[in-house]
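Architecture and fold: a report
What follows is the residue order along each chain.
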Amino acid sequence: NSEIGWEIAYKTNLGIEIGLFDNKMEILADLYKEERTNILQSRADIPTSMGLWATPLVNVGKASGKGIDVSVDYNHSINKNTWVTGRANFTYARSIYKYYEEPDLSEIPWTSRIGNPISQQRGYVAERLFIDEADVNNSPRQDFGEYGPGDIKYKDINGDNIINEIDRVPIGYPTTPEINYGFGISAGYKSFDASCFFSGSARSSFWIDAATMSPFVQSSSGGRILETGLAKFIADNYWSEGSQNPFATWPRLSNYLISNNLQRSTMFMRDGNFLRLTSVELGYSLPTAITRRMHLESCRFYLSGTNLLLFSKFDLWDVEMGGNGLGYPLQRVYNIGLNLSF
C-alpha cells in the first residue's frame with residue numbers, strides 16, 4: 001500500500017536539575033508532552049459489499065501523552081563514623097486517544113475510544129449473579145450463549161433489554177500502571193551498614209483470568225487428561241443451589257467453560273496498586289587492622305532478603321502475577337554471604 005507512511009511524533013521536554021545543601025541533595029525532573037499523528041489503524045465501517053479480502057490500513061490515528069519523571073538523591077557524611085544516602089524516584093505517564101477511526105457513535109458515546117487512555121480495557125458492568133430461573137427470565141437477554149442461575153448478570157447500559165457489545169464501557173484503570181515509584185535508604189556506622197529499598201506502582205487494573213482459573217475444566221495434553229484445580233478463594237465463596245448468594249466471589253461451578261462468565265467485566269476486575277519491600281541488607285565489615293593481618297583488602301559479612309513484604313488491596317496471590325493465580329509465584333529469598341577482596 002503506497003499510501004501508508006510513517007507515524008509522526010512531536011515531543012516537548014522540560015528538564016531541570018537542582019543541587020541543594022552544598023550538593024548533598026540532587027533533584028532531577030523531566031516533564032514531557034507528546035503528540036502523535038499518522039498512527040496506522042484499520043478503517044472502520046467498511047461494508048462487506050465492497051468484497052475486500054482484508055480491512056485496509058490508513059495513517060489516521062492521533063494520540064497524546066504527558067508525564068513527569070522525578071528523582072531525588074541524598075548523600076551526607078554526618079561525621080567520620082556515620083553516613084547516610086537516600087534515593088527516591090517517581091514517574092507518571094498517561095496517554096489517550098485523540099482520534100480513532102470509528103463510526104458515528106453520538107448515540108452511544110460510551111463506546112468511543114476517543115479521550116480514553118490507550119491501554120484502558122472495555123467491558124461489561126457486572127451487577128451480580130443470577131439468583132434463580134425467575135431472575136433470569138425477568139432480566140435483559142445476554143447474547144453470550146448459555147447462561148442460567150449462578151451466572152454473571154450484566155448491566156443493560158442503553159436500556160434496549162439486550163446485553164451485547166453496545167453495552168461495553170471503559171472499566172478500571174489502564175493495564176499499564178500510570179504511576180511507578182521507588183525509594184530507599186542506606187546508612188552506615190563504623191563497621192556496620194544497612195540498606196532497604198521499596199518499589200511500587202499505582203493507577204492500574206488487572207483481571208482474574210476466569211478461563212484459566214475455572215476449576216474442574218478438563219483439557220488434554222500429550223494424551224493425558226488434565227483438570228484445573230480448585231483454588232481456595234473459589235471453594236470458600238461460590239454460587240451453589242444450596243447457597244444462592246448473588247454476590248458470591250465466583251459464579252456456579254461447571255466442568256466446562258461458560259462463555260457468559262468469561263466476558264471481560266467488572267466481576268473479575270482487581271486493583272493492581274502495590275508497594276513492595278524489594279530488598280533489605282545488613283552488613284558488617286571487619287576493621288582494617290584485622291584484614292591486614294589476614295592479608296585481605298576487605299572482609300564483609302552480610303544478611304540480605306528480597307521480596308520480603310507486599311502491601312496491596314489484592315491478597316489472593318502476588319499482585320504482580322496478574323490474573324493467573326495458578327502460575328509460579330515470585331520468590332522470597334534470604335541470603336547469608338561473605339565478600340572478600342584480596
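The model shown is predicted, which means the values in this text are computed figures rather than measured ones. Residue numbers restart at each chain and count upward from 1, following the sequence in its written direction. Only residues with pLDDT of at least 70 are given local features in this predicted model, and only at 80 or more are side-chain atom pairs given and counted; all residues enter the totals for whole chains, interfaces and linings. To get the side-chain values, take all heavy atoms of the structure and skip hydrogens and water.

Below, the discussion takes up the overall build of the protein. Only DSSP runs of H or I with at least four residues qualify as helices, and only runs of E with at least two residues qualify as strands; both kinds are numbered from the N terminus onward. Helices and strands together make up the secondary structure of the protein, namely four helices and 19 strands. For the C-alpha atoms alone, the extent of the protein along its principal axes is close to 85 × 55 × 40 Å. In this scheme, a residue with accessible area under 20% of its type's maximum is buried, one over 50% is exposed, and one in between is partly exposed, where area comes from a 1.4 Å probe on protein chains only. Sorting the 342 residues of the protein into buried and exposed places 31% on the buried side. Long-range pairs, those at least 24 residues apart, make up 62% of the contacts in the protein with a sequence separation of at least 6. Carbon and sulfur atoms make up 54% of the accessible area of the protein, which totals about 20,500 Å². Neither His nor the chain ends is counted toward charge; the positive residues are Lys and Arg and the negative residues Asp and Glu. Where a charge lies is defined by one atom per residue type: Lys uses NZ, Arg uses CZ, Asp uses CG and Glu uses CD. Considering the protein, the positive charge centre built from 31 side chains and the negative charge centre built from 38 side chains are found 9 Å apart. Should any heavy atoms of two residues lie within 4.5 Å, those residues are considered in contact. Here the open area of atoms and residues is found with the Shrake-Rupley method and a 1.4 Å probe, where only the protein chains shown may cover a residue.

Turning to the environment of Tyr334, a few remarks are in order. With respect to the secondary-structure elements, Tyr334 resides in strand E19 (residues 333-341). We classify Tyr334 as exposed; its relative accessible area is 61%. Along the sequence, Tyr334 and Leu308 sit 26 residues apart, while their C-alpha atoms lie 8.8 Å from each other. Excluding anything up to four places from it in sequence, Tyr334 contacts Ser304, Gly305 and Leu308.

Classification of ring pairs rests on two measures: the distance between centres of Phe, Tyr or Trp rings, Trp counted by its six-membered ring, which must be within 6.5 Å, and the angle between planes, read as stacked under 30 degrees, edge-to-face over 60 and tilted in between. For the structure shown, the criterion picks out 12 aromatic pairs. Taking the centre distance of 5.4 Å and the plane angle of 45 degrees together, the rings of Tyr124 and Tyr154 count as tilted. With Tyr124 in the loop between strand E5 (120-123) and strand E6 (126-129) and Tyr154 in strand E8 (residues 152-154), this pair connects stretches of sequence that are 30 residues apart. Tyr154 carries the same exposure label as Tyr124, and that label is buried. Their ring planes at 50 degrees and their centres at 4.9 Å tell us that Trp250 and Phe268 sit as a pair that is tilted. Of this pair, Trp250 sits in the loop between helix H3 (232-236) and strand E16 (269-271) while Phe268 sits in the loop between H3 and E16, and the two are 18 residues apart along the sequence. Taking the relative accessible area as the measure of exposure, Phe268 reaches 4% and is therefore buried. Linked through ring pairs, Phe206, Phe233, Trp250, Phe268, Phe314 and Trp317 together constitute an aromatic cluster.

Residues enter a nonpolar core if they are buried and are Ala, Val, Leu, Ile, Met, Phe, Trp, Tyr or Cys, with the set joined through side-chain atoms within 4.5 Å. Counting 27 residues, the largest nonpolar core has Ile208, Phe233, Trp250 and Phe268 as its most contacted members. Going through the elements one at a time, E6, E8, strand E10 (169-174), strand E13 (205-207), helix H2 (210-213) and H3 are the ones with two or more residues in this core.

Right, let's get into unusual backbone geometry. A positive phi angle is found at Phe21, which is not glycine, with a value near 55 degrees. Take Phe21: it is sitting in the loop between strand E1 (8-20) and strand E2 (25-42). Phe21 sits in the exposed class, given a relative accessible area of 55%.

Before going further, it helps to examine the pairing of strand E18 (residues 298-311). Looking along a regular strand, one sees side chains alternate from face to face of the sheet. By the bridge criterion, 10 bridges tie strand E17 (residues 274-285) to E18 in an arrangement that is antiparallel. Considered in E18, the bridge of Leu275 is made with Phe311. Bridge analysis of E18 against E19 gives nine bridges, and the strand direction is antiparallel. Along E19, the bridge assignment pairs Tyr302 with Gly337. Here, strands pair whenever DSSP counts at least two bridges between them.

Here the focus is the pattern of salt bridges. By convention in these notes, a salt bridge is any Lys or Arg side-chain nitrogen within 4 Å of a carboxyl oxygen on Asp or Glu. Scanning the entire structure with this criterion turns up 17 salt bridges. With a closest N to O distance of 3.8 Å, Lys153 and Asp135 form a salt bridge. Pair noted here: Lys153 is in strand E8 and Asp135 is in helix H1 (residues 133-137), with a separation of 18 residues, a long-range link. Note on Lys153: relative accessible area 11%, which makes it buried. Of the charged contacts, one joins Asp318 and Arg276 as a salt bridge, the two residues approaching to 2.8 Å between their closest N and O atoms. Here Asp318, found in the loop between E18 and E19, pairs with Arg276, found in strand E17; they are 42 residues apart in sequence, far enough to count as distant. An identical accessibility class is assigned to Asp318 and Arg276; each is buried. Here the salt bridges share partners, and the residues they tie into one network are Arg94, Glu178 and Arg203.

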